[in-house]
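# Coordinate analysis (summary)
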Amino acid sequence: MSSYIESIRSIAEKWLADGDVELVIGFRAGSMPLMNEPCLVRTPAGTAQLVWDSNCGINLANYITGRKEKIGIVAKGCDSRNIVNHIVENKISREQLKIIGVPCQGMIDRRKITAMVPGEILEVREEDTAVIVKGADFEETLAKADVLQQNCAVCIHRNPVIYDELAGELVAEQDGIDRYADVKAIEALAEEERWDYFEKLLAPCIRCYACRNACPLCYCPTCFVDESKPQWVGKSQDPIDVRTFHFLRAYHCAGRCTDCGACERACPVGINMRVFTKKLEKDCYDAFGWEAGLDPDVRPPLDTYRPGDPDAFIK
Amino acid sequence: MKIIRIDKKEWNPGLTQARQSYRLVGPVADEAGDVAEFRTLDAEQMPDLAAADTVLSPKAIVYPQSEVMFEYSTDPGDEERNILKRPAKAYDACAVVGIRPYDAAAFTLVRKNFDTPDYRDPYWCDAYEACTFVGLAVNQPDSTDFSTSVDSGPFSEKGLDVLLVDTQDAYLAKVLTEKGEAFMTAADWQTAADASAEAAINDLQAAAEAAIQATVQYDRIKDLSILDLYNAPFWEDVGFACINCGTCTYVCPTCWCFDIQDEVRGKIGRRFKNWDTCMETQFTLHASGHNPRGDKVMRVRQRFMHKLKYFLDKYEDGLMCVGCGRCVRSCPVNIDIRKVCNTMNSYDPEACACPV
Amino acid sequence: MSNPYLPYPVRIDEVIDAVDDKSLKTFKFVFLNPDDEARFNHKAGQFAELSIPGYGEIPIGIASAPTEKGFVMFTVFRTGKVSAQLHSMQAGDIMGIRGPLGNWFPWEQLEGKNVVIIGGGFAFTTLRASIVYMLEPENRAKFKDIHVIYGARRPGLLLYRDELMAWEARDDINMHITVDGTDDPDWKYNVGFVPTITEQKAPQADDDTYAIICGPPVMIKFTQPVLDNLGYTHDHIIMSLENRMKCGIGMCGRCNIGKELVCKDGPVFTLEQLNLTPREY
């Protein structure tokens, strides 16, 4: 990983010094273990603060929406697919971007790790495939494979799909992965059990909209939950309104979501709302053979019509 | 001031007895077993005092996320249509057991907003006044606890009626107010501690305060002008990562902003008071479409300026922050209020603005 | 203390189209409970929250003067959810009013002084309340010269036209009514933007002369340099701000500019005070 850091810094520095970009978006070291902070660098000297490790789960494509400058951006597999999405949806032009592609080996899950150790985590170190976690009176070595974010564990697009320079060698993609094992498990539940599952899942929701705000796809100037004329969704804790928010947001992401996991990572109360977006991702894949964000020149199925598109739902 | 010794064997029986006259509230792990939060305890449930600090602050005990202020009929045939009525609510005596000192201190700060010489918010105030706060001193503060540098601390008595100190086999209870006395009597915890109690508490306090590594300084913020800080060049760097999700405001015990919304179902209408957040784009949006804080960095700046400068200037009673560290732990992009406070405090408007 | 969120129930007594394109309407409200009117007891410059159950509340400047008894009057622009609903309501409908809220124009300080009122568009509501208040026989002698410069885009958009003309005919007040432009050959008054007319007609500044200015941001932007040139010091320029509000009582935290809350420490501020605050309004 440390080789990534060197190349990210030197590529960013070069681009800024040459005036190829006006700013670079990347991560700098966080103030807490297992956290990094997205940052904006405007000078070659400033690139010294850029870092990269397995705590870079936040999707940086979220920060380019609507910007007008020439932007350098560090992008792992899923981030790069969201950049392609942005290009397809006209939120940014390819010419504005210079992308440092980062072949990703997966991000680790802070919540999972915290639950696995007996006290407050004070320091975390990565060594190859191990994650060493230290507290005031414990030290544990965990296998990285055991503590990956859920979406990273089933990721089949770890290499960036679009880039100007790579920060490191391309990595082997995972194969033999059932991306939808969790969705299928829920689909297999009886109706009442499924309803129960969703109720429990969404019970802690405090409508902070961190999931929506962390998502690069959610860029509507006025989100449907904030509309007042007419007001579609109530703002109290009525479970009907909570469900409406989550279900509708998932539908708005259908055919677009790259399962980057930023939504789940951002949630302060640990809700795995990805089950909804994954279900729709599975449906898009089954119905149209579609995976979002792979090619900037291909229109997504939900805004094109091809003869032969499934139409069993038309009665 | 009395110090009572509660042998740990008396703990459960005492709470069981107190239940007869108080609704007990305390930290409990939720169904998934991890995120501890403050809730009304079930009939036999005990507060989980060993748990790590709650993700959400206990402010919801006094100030629920969503509360009905008024109900009204919208039936055109109803004589009383469109007349607002406050729903009847029993503000029964409530004891919050196991609240951390910084959270109790937070209530005293927030009270300045809701209980003023000109107006009194009955929803917040009635709920607050019905509570007795039985706090638990924090013997082992987290690394994100910076309460000692913001006028609070692991053994702070601000806003508490009783302060419990855990000494292995017993709790030493400092009874601070009449309300505290009443609670101790209801729990039948009356055994006075011996002469060594005070020293024992002081030792534990000293150890806990020494263990706090994180600090903030705000001595210079007091002297800098609002406009100097507002126009400082570091806000873009501070606010860039922010995704305006509002998590910080929702977990924070001293954030109080709210929204008022009317919702009608059938012929019954309700006017709600809901938590709101200055992080939201809509927060300051005028009906004309003009938005004085339309830009993300302006909103980030507003939050920190409110907490660390406007409140400081307005009330001259410290920062609008008790150092609980929840925002630091919960922010998905690791924006750290300790860093921001120190950045503001070390700002020199006379020095040249060097680009980062 | 009573519940500050509870509105006084009122009945709409009269609805009048205030301008020719009906985007503004004037509403006269009568308190259902007569004692509430005495409690309401406002001062010119204050606002109130008009409360429509099922829709919400909006902060609107009080257009009637405290000396006008038996009703309270507001002129409301239709722009959002609540104002749209209000515009569809009729005489006899029940709703609520919370108030009076906010501070008021500094009447005590203005006694014995010349008062120059400058308003534009539909920001003339609390200015009407102020003029009616000052012209009241028992009050007029407390103030020296009164100048009013008020303009709209065209004649049909001037508020309170009949009253404006009646005041114009009086000799105890100097009215300078203006429109940006008009093709009405019978237009008797000024033609020109408010800043321009201010430059031409406003008196020179002195210690005894105060300007009260209310209007859209663009009008204020161009009028302020005019006042600067005429020598008005910023503590002699009084402004009334607008901001998004909900509670109106200084608690929900959304209307602040710096440490001032527009609903409680304002909406009336001197320019000197505003110069020390962030311009987040």
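Residues numbered from 1 in each chain as written. Chains lettered and ligands numbered in written order. Predicted model: local features only at pLDDT ≥ 70, side-chain atom pairs only at ≥ 80, totals over all residues.

### A closer look at the overall build of chain B
- On a plain count of helices and strands, chain B comes out with 12 helices and 10 strands.
- Taken over C-alpha atoms, the radius of gyration comes to 22 Å for chain B, in line with the 21 Å a tight globule of 356 residues would show.
- Expressed as a percentage of the 356 residues in chain B, the buried residues total 49%.
- Taking all contacts inside chain B whose residues are at least 6 apart in sequence as the whole, residues at least 24 apart take part in 71%. (Helix = DSSP H or I, 4+ residues; strand = E, 2+ residues; numbered from the N terminus. Rg over C-alpha atoms; globule rule 2.2 N^0.38 Å. Buried ≥ 20, exposed ≤ 12 C-beta atoms within 10 Å, placed from the backbone. Contact = placed C-beta atoms within 7 Å.)

### Points about the overall build of chain A
- Each helix and strand counted, chain A has 10 helices and 9 strands in total.
- A compact globule built from 315 residues should have a C-alpha radius of gyration of about 20 Å, and chain A, at 20 Å, falls within 12% of that.
- Projected onto its principal axes, the C-alpha coordinates of chain A cover approximately 60 × 50 × 45 Å.
- For chain A, with 315 residues in total, the buried portion stands at 40%.

### Some thoughts on the sheet that holds strand E5 (residues 94-99) of chain B
Residue and element names in this part refer to chain B.
- Here 7 strands make up an open sheet; going across it, the order is E1-E8-E7-E6-E5-E2-E3 and the pairing mixed. What marks the edges here is a single partner per strand, and that holds for strand E1 (3-7) and strand E3 (36-40). Mean inter-strand twist for the sheet, computed between neighbouring axes without regard to direction, equals 25°.
- Where strand E2 (residues 23-29) lies against E5, 3 bridges are found, and the strand directions are parallel. Following the sheet pairing, arginine 23 is matched in E5 by cysteine 94. (Pairing = 2+ DSSP bridges. Axes fitted to C-alpha atoms, helices over the stretch in contact; angles between N-to-C directions.)

### What to know about the confidence of the model for chain B
- In this model, chain B carries a mean pLDDT of 93, and residues with pLDDT of at least 70 account for 97%.
- Confidence metrics for the complex model read pTM 0.93 and ipTM 0.92. (pLDDT = per-residue confidence, 0-100.)

### Quick notes on the interface of chain B and chain A
- Facing 34 residues of chain B, the contacting portion of chain A comprises 33 residues.
- At the level of elements, helix H8 (235-239), helix H9 (247-251), strand E9 (258-265), strand E10 (268-275) and helix H11 (326-330) of chain B are the ones that each hand at least two residues to the side of chain B that touches chain A.
- Residues belonging to the side of chain B that touches chain A are distributed by class as follows: 15 nonpolar, 11 polar and 8 charged. (Nonpolar A, V, L, I, M, F, W, Y, C, P; charged D, E, K, R; others polar.)

### Digging into the nonpolar core
- Ala75, Ile100 and Ala214 of chain A, Ala173 of chain B together with Ala211 and Ile212 of chain C are the most contacted members of the largest nonpolar core, which has 268 residues in total.
- For isoleucine 100 of chain A, the contacting residues outside a window of four places in its chain are Ile8, Ile11, Ala12, Gly72, Val74, Ala75, Tyr163, Glu165 and Ala167 of chain A. (Core = buried A, V, L, I, M, F, W, Y, C linked by C-beta atoms within 7 Å.)

### So, the packing of helix H7 (residues 194-201) of chain C against helix H8 (residues 217-229) of chain C
Residue and element names in this part refer to chain C.
- Here H7 crosses H8 at 20°, and the two axes come no closer than 8 Å. With respect to each other, H7 and H8 are oriented roughly parallel. Considering only the axes of H7 and H8, their crossing is right-handed. Here H7 contributes Val194, Pro195, Thr198 and Glu199 to the contact with H8, which in turn contributes Met219, Phe222, Thr223 and Val226.
- Residue composition of the contact of H7 with H8, grouped by class: 5 nonpolar, 2 polar and 1 charged. (Parallel < 35°, antiparallel > 145°, perpendicular 65-115°, else oblique. Left-handed = near helix turned anticlockwise from the far one by under 90°.)

### A look at helix H6 (residues 191-202) of chain A
- The end-to-end C-alpha distance of H6 of chain A is 17 Å, a good match for the 16 Å that 12 residues give at a rise of 1.5 Å each.
- Judged by how many residues are buried, H6 of chain A sits mostly at the surface: 0 of 12 residues are covered. (Expected span 1.5 Å × (residues − 1).)

### Quick word on the sheet that holds E10 of chain B
All names here are of chain B.
- Spatial strand order, E4-E10-E9: 3 strands in an open sheet with antiparallel pairing. The strands lining the two open edges of the sheet, one partner per strand, are strand E4 (66-73) and E9. The mean inter-strand angle of the sheet, taken between neighbouring strand axes irrespective of direction, is 20°.
- Judged from the 8 bridges that link them, E9 and E10 form a sheet pairing that is antiparallel. Note on E10: the bridge partner recorded for aspartate 259 is asparagine 274.

### Things to note about the interface of chain B and chain C
- Facing the 37 residues of chain B at the interface are 33 residues of chain C.
- Elements supplying a minimum of two residues to the side of chain B that touches chain C: E4, helix H3 (101-114), helix H7 (226-230), E9 and helix H10 (296-315) of chain B.
- With 5 residues, the top contributor of residues to the side of chain B that touches chain C is E9 of chain B.
- A class-by-class count of the residues in the side of chain B that touches chain C yields 21 nonpolar, 7 polar and 9 charged.

### Let's talk about helix H5 (residues 178-186) of chain B
Residue and element names in this part refer to chain B.
- Listed in full, the buried residues belonging to H5 are Gly180, Phe183 and Met184. Considered in projection along H5, the buried side chains sweep an arc of 100° and stay on one side of the axis.
- If you follow the buried residues of H5, they end up packed against E1, helix H1 (11-18), E5, strand E6 (131-136), strand E7 (162-166) and strand E8 (170-175). (Arc of directions from axis to C-beta.)

### Describing the packing of helix H8 (residues 239-252) of chain A against helix H10 (residues 274-288) of chain A
Residues and elements named next belong to chain A.
- It is at 9 Å that the axes of H8 and H10 come closest, and there the two elements cross at 35°. For H8 against H10, the interelement crossing comes out right-handed. Every residue of H10 that contacts H8 at His246, Phe247, Ala250 and Tyr251 is listed here: Phe276, Thr277 and Leu280.
- A per-class count over the contact of H8 with H10 returns 5 nonpolar, 2 polar and no charged.

### A short note on the domain arrangement of chain A
Residues and elements named next belong to chain A.
- Considered domain by domain, chain A is made up of domain 1 (2-109 + 148-303) and domain 2 (110-147).
- For domain 1 versus domain 2, the distance between C-alpha centres works out to 24 Å.
- Between domain 1 and domain 2, the residue contacts involve 8 residues of the former and 13 residues of the latter.
- Partitioned by chemical class, the residues of the side of domain 1 that touches domain 2 number 4 nonpolar, 2 polar and 2 charged. (Domains from an automatic or database assignment.)

### A word on unusual backbone geometry
- Geometrically, the link from lysine 229 of chain A to proline 230 of chain A is a cis peptide bond, its omega value of 0° lying close to zero.
- Looking at the element boundaries, proline 230 of chain A is found in the loop between helix H7 (210-214) and H8.
- The omega torsion across glycine 266 of chain C and proline 267 of chain C is 10°, close enough to zero to call that bond cis.
- Structurally, proline 267 of chain C can be placed in the loop between strand E14 (260-261) and strand E15 (268-270).
- One non-glycine residue with positive phi stands out, namely glutamate 316 of chain B, at about 50°.
- In this structure, glutamate 316 of chain B sits in the loop between H10 and H11.
- Taking the C-beta count within 10 Å as the criterion, glutamate 316 of chain B has 8 such neighbours and is therefore assigned exposed.

### So, the pairing of strand E8 (residues 146-152) of chain C
All names here are of chain C.
- With 6 of its 7 residues buried, E8 lies for the most part within the structure.
- Bridge count between strand E7 (residues 114-120) and E8: 6 bridges; the pairing is parallel. When the bridges of E8 are listed, glycine 119 appears paired with tyrosine 150.
- Looking at chain direction, E8 and strand E9 (residues 174-179) are connected through 6 bridges and run parallel. Looking at the pairing, glycine 151 lines up with threonine 178 of E9.

### Here's the deal with the environment of arginine 194 of chain A
- Mapped onto the secondary structure, arginine 194 of chain A falls in helix H6.
- With near-sequence residues (within four places) excluded, arginine 194 of chain A lies in contact with Ile186 and Leu189 of chain A.

### What about the environment of proline 154 of chain B?
Residue and element names in this part refer to chain B.
- Of note, proline 154 is situated in the loop between E6 and E7.
- Between the C-alpha atom of proline 154 and that of cysteine 324, which follows or precedes it by 170 residues, the distance is 9.8 Å.
- Once residues lying within four places of it in the same chain are set aside, the contact partners of proline 154 are Pro101, Ala137, Val138, Pro141, Ser147, Ala208 and Glu209.

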